[in-house]
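Listed here are the chains, written in short residue letters.
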Amino acid sequence: MVRFGLTVVRHKIIKNYCELFFLFIISFSGETRYNKDKILQGQGVDEPLSATGFRQADAAGLFLSNVKFTHVFSSDLLRAKQATATILGKNKFCKELEIKYDARLRERKYGVAEGRPLTELKAMAKAAGEQCPSFTPSGGETLDEVRERARDFFEFLCRLAVELEPKEQDMHDAASRSSGMSEEQLVFPWTHHCSEAERGSGNGGASKILDANILVVSHGAYMRNWIGYFVSDLNCTLPTNLTKSQLSSVSPNTGVSHFIIKLENGNLLKPEITCVCLNQDSHLVDVGAECVAAKVF
């Protein structure tokens with residue numbers, strides 16, 4: 001019986017998948033002062049979270065508080081660092097887990113447009129006869145360059161998962177500490193958002209047992225390119241109810257997306273990717289409507 005990437009056999013939990021929890025955050029982790037005013041930050045403007053941004057990160061942390069992560073990675077920009085620390089601080093199992101900062105997770109670089117209103121970037125694109133987001137301002141990154149960063153980091157995660165030793169007893173201990181919660185709640189808190197594709201992804205057992213439950217905190221435009229790479233290059237299986245507009249939109253602040261990555265026989269060249277949910281934001285309902293950022297770019 002497969003439950004969210006776990007195969008339960010004779011009351012023992014055996015990992016058949018590398019589970020990757022990607023925390024997708026619109027543009028700049030949680031809300032910042034510039035984010036609220038629709039000013040591009042990219043990599044050159046490193047604003048801290050606003051009070052609203054911290055409330056968003058608190059809500060995401062509570063939402064993921066029962067997930068026992070094995071690894072946590074974050075962009076090395078301040079807004080992502082603050083969001084990651086806040087989220088991990090709410091976790092019941094891994095408050096002390098080391099956060100690893102990686103420049104490959106930085107937001108897209110917007111060059112001369114950084115620190116300027118989004119409307120100015122759109123005006124630059126129009127003057128060049130192009131449209132956002134494909135337009136690249138002077139000194140900025142192309143979409144292909146951003147995607148290459150995402151590809152490089154994802155391949156690094158796959159190698160990391162394959163190199164891990166099985167930790168079956170650790171998984172069993174985590175389940176026993178759930179205070180009566182079901183395995184679904186412990187591992188995957190938004191069961192009602194689970195896609196039909198993921199529910200039917202049962203597997204008879206991979207020869208390589210993987211034990212990775214990874215939280216990644218990055219930025220909106222970067223993560224949208226990462227999703228594009230998953231879909232167009234790696235044929236990611238998407239939820240059946242996902243619309244084209246939802247697929248192409250930027251996540252709300254501290255929106256959560258969950259992917260299950262299966263590496264058959266440890267094969268890094270052909271990962272099987274299932275998207276369980278994309279840009280899930282139910283945890284933000286009680287934060288207040290002003291805390292859900294507009295999907296502007």
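Cut-offs and rules
- Residues numbered from 1 in each chain as written.
- Predicted model: local features only at pLDDT ≥ 70, side-chain atom pairs only at ≥ 80, totals over all residues.
- Heavy atoms only, no water.
- Helix = DSSP H or I, 4+ residues; strand = E, 2+ residues; numbered from the N terminus.
- Buried < 20%, exposed > 50% of the residue type's maximum accessible area, 1.4 Å probe, protein only.
- Contact = heavy atoms within 4.5 Å.
- Areas by Shrake-Rupley, 256 points an atom, 1.4 Å probe, with all protein chains shown as cover.
- pLDDT = per-residue confidence, 0-100.
- Phe/Tyr/Trp six-rings, centres within 6.5 Å; stacked < 30°, edge-to-face > 60°.
- Polar contact = N/O pair within 3.5 Å; in protein donor to acceptor, adjacent residues only side chain to side chain.
- Core = buried A, V, L, I, M, F, W, Y, C linked by side-chain atoms within 4.5 Å.

A.B. asks: Is there a simple way to think about the overall build of the chain in this case?
C.D. replies: Helix and strand counts for the chain come out as 10 helices and nine strands. With 297 residues in all, the chain has 52% of them scored as buried. Relative to all contacts within the chain whose residues are 6 or more apart in sequence, the contacts with residues 24 or more apart total 80%. When the accessible surface of the chain is totalled, it reaches about 13,000 Å², and 50% of it is carbon and sulfur.

A.B. asks: I tried to follow the confidence of the model for the chain on my own but got confused; where do I start?
C.D. replies: Note: predicted coordinates in regions of low pLDDT should not be interpreted at a detailed level. Overall, the prediction assigns the chain a mean pLDDT of 76, with 71% of residues at 70 or greater. Segment residues 171-186: pLDDT under 50, and 27 contacts once partners within four positions in sequence are set aside and those in other chains are kept. Of the regions scoring below 50 in pLDDT, residues 289-297 engages in 28 contacts with residues more than four places distant in sequence or in other chains.

A.B. asks: Mind showing me how you'd approach the packing of aromatic side chains here?
C.D. replies: Summed over all chains, the structure comprises 10 aromatic pairs. Judged by centre distance (5.9 Å) and plane angle (70°), the ring pair of tryptophan 226 and phenylalanine 230 falls under edge-to-face. Highlighted residues: tryptophan 226 and phenylalanine 230, both in helix α9 (residues 220-234), separated by four residues, approximately one helical turn. On the accessibility criterion, tryptophan 226 (1% relative accessible area) is buried. Judged by its relative accessible area of 1%, phenylalanine 230 is buried.

A.B. asks: What exactly am I supposed to notice about the environment of lysine 95 here?
C.D. replies: Relative to the helices and strands, lysine 95 is located in the loop between α3 (78-89) and β6 (99-101). Placed 10 residues apart in sequence, lysine 95 and alanine 85 show a C-alpha to C-alpha distance of 8.8 Å. For lysine 95, the side chain forms a polar contact with the main-chain oxygen of asparagine 91, separated by 2.7 Å.

A.B. asks: Where do I start with the environment of leucine 105 in this structure?
C.D. replies: You can see leucine 105 is positioned in the loop between β6 and α4 (118-127). Judged by relative accessible area, which is 0%, leucine 105 ranks as buried. Through-space distance from the C-alpha of leucine 105 to that of valine 217 is 7.8 Å; in sequence the pair is 112 residues apart. In this structure leucine 105 touches Phe73, Ser74, Ser75, Arg149, Phe153, Val216, Val217, Ser218, His219, Tyr222 and Trp226, once residues within four positions along its chain are discounted.

A.B. asks: I'm lost on unusual backbone geometry in this one. Help?
C.D. replies: Proline 133 follows cysteine 132 through a cis peptide bond whose omega is 5°. Within the secondary structure layout, proline 133 lies in the loop between α4 and α5 (143-163). The phi angle at asparagine 235 is positive, at roughly 55°, despite the residue not being glycine. Its location among the elements puts asparagine 235 in the loop between α9 and α10 (244-248).

A.B. asks: What is the right way to read the nonpolar core from this model?
C.D. replies: Soluble, globular proteins show a tendency: their nonpolar side chains are buried together. Phe154, Trp226, Phe230 and Phe259 are the most contacted members of the largest nonpolar core, which totals 28 residues. Breaking this core down by element, the ones donating at least two residues are α5, β7 (213-217), α9, β8 (255-262) and β9 (272-280). In terms of residue count, the dominant contributor to this core is α5 (eight residues). Counting residues in each nonpolar core, the second largest holds 17 residues, with Leu49, Val67, Ala83 and Cys94 among its members.

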